[in-house]
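Fold and contact review
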Amino acid sequence: MAKEPDDMVMPMLREMRAEMREEFASVRARLDKLEAGQKSIRHALTADTMMSKYMIGDFEERISDLERKVEDLIKAK
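Structure report, in brief. (Residues numbered from 1 in each chain as written. Predicted model: local features only at pLDDT ≥ 70, side-chain atom pairs only at ≥ 80, totals over all residues. Heavy atoms only, no water.)

With that settled, consider the overall build of the protein. What the protein contains, in helices and strands, is 1 helix and 0 strands. For the protein, the C-alpha radius of gyration of 33 Å lies well beyond 11 Å, the compact-globule estimate for 77 residues. By principal-axis analysis of the C-alpha atoms, the protein measures approximately 115 × 10 × 5 Å. Looking at the protein as a whole, 0% of its 77 residues qualify as buried. When the 15 basic and 17 acidic side-chain charges of the protein are each reduced to a single mean position, those positions are 4 Å apart. (Helix = DSSP H or I, 4+ residues; strand = E, 2+ residues; numbered from the N terminus. Rg over C-alpha atoms; globule rule 2.2 N^0.38 Å. Buried < 20%, exposed > 50% of the residue type's maximum accessible area, 1.4 Å probe, protein only. Lys, Arg positive; Asp, Glu negative; His and termini not counted. Charge placed at Lys NZ, Arg CZ, Asp CG, Glu CD.)

Below you can see the structure in the form of structure tokens.
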């Protein structure tokens, strides 16, 4: 007696399910890797922004000091 179609379908579906799980696992791994890369880029950009703000604040402080000195020199005359 030949194999019934019912007897063939379930094993094929199980095999397909196993293959899909493997594919999804590899896709998840790639996505996790991409997300980690994006996170490190975001951290780098944040650090760069903070450093820029620090430098700008330092320059503004120096300019304010120079303005005060100029005002003091003008008042002294």
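Turning to the pattern of salt bridges, a few remarks are in order. Scanning all chains against the criterion turns up 2 salt bridges. Across the pair D58 and R62 runs a salt bridge, and its minimum N-O distance is 3.6 Å. Of this pair, D58 and R62 both sit in helix α1 (residues 5-76), 4 residues apart, which is roughly one turn of that helix. Judged by relative accessible area, D58 falls into the partly exposed class, the value being 24%. Note that D65 and R68 form a salt bridge whose closest N and O atoms lie 2.8 Å from each other. (Salt bridge = Lys/Arg side-chain N within 4 Å of Asp/Glu carboxyl O.)

Before going further, it helps to examine a nonpolar patch on the surface. Nonpolar side chains collect at one region of the surface, where M51, Y54, M55, F59 and I63 lie side by side and expose about 540 Å² of accessible area between them. Structurally, the position occupied by M51 is in helix α1. (Patch = residues over 30% accessible without salt bridge, like charges linked within 9 Å, V, L, I, M, F, W, Y side chains within 5 Å. Areas by Shrake-Rupley, 256 points an atom, 1.4 Å probe, with all protein chains shown as cover.)

Right, let's talk about a negative patch on the surface for a bit. Among the surface-exposed residues, E15, E19, E22 and E23 lie close enough to one another that they form a single negatively charged patch. Inspection of the secondary structure assignment puts E15 in helix α1.

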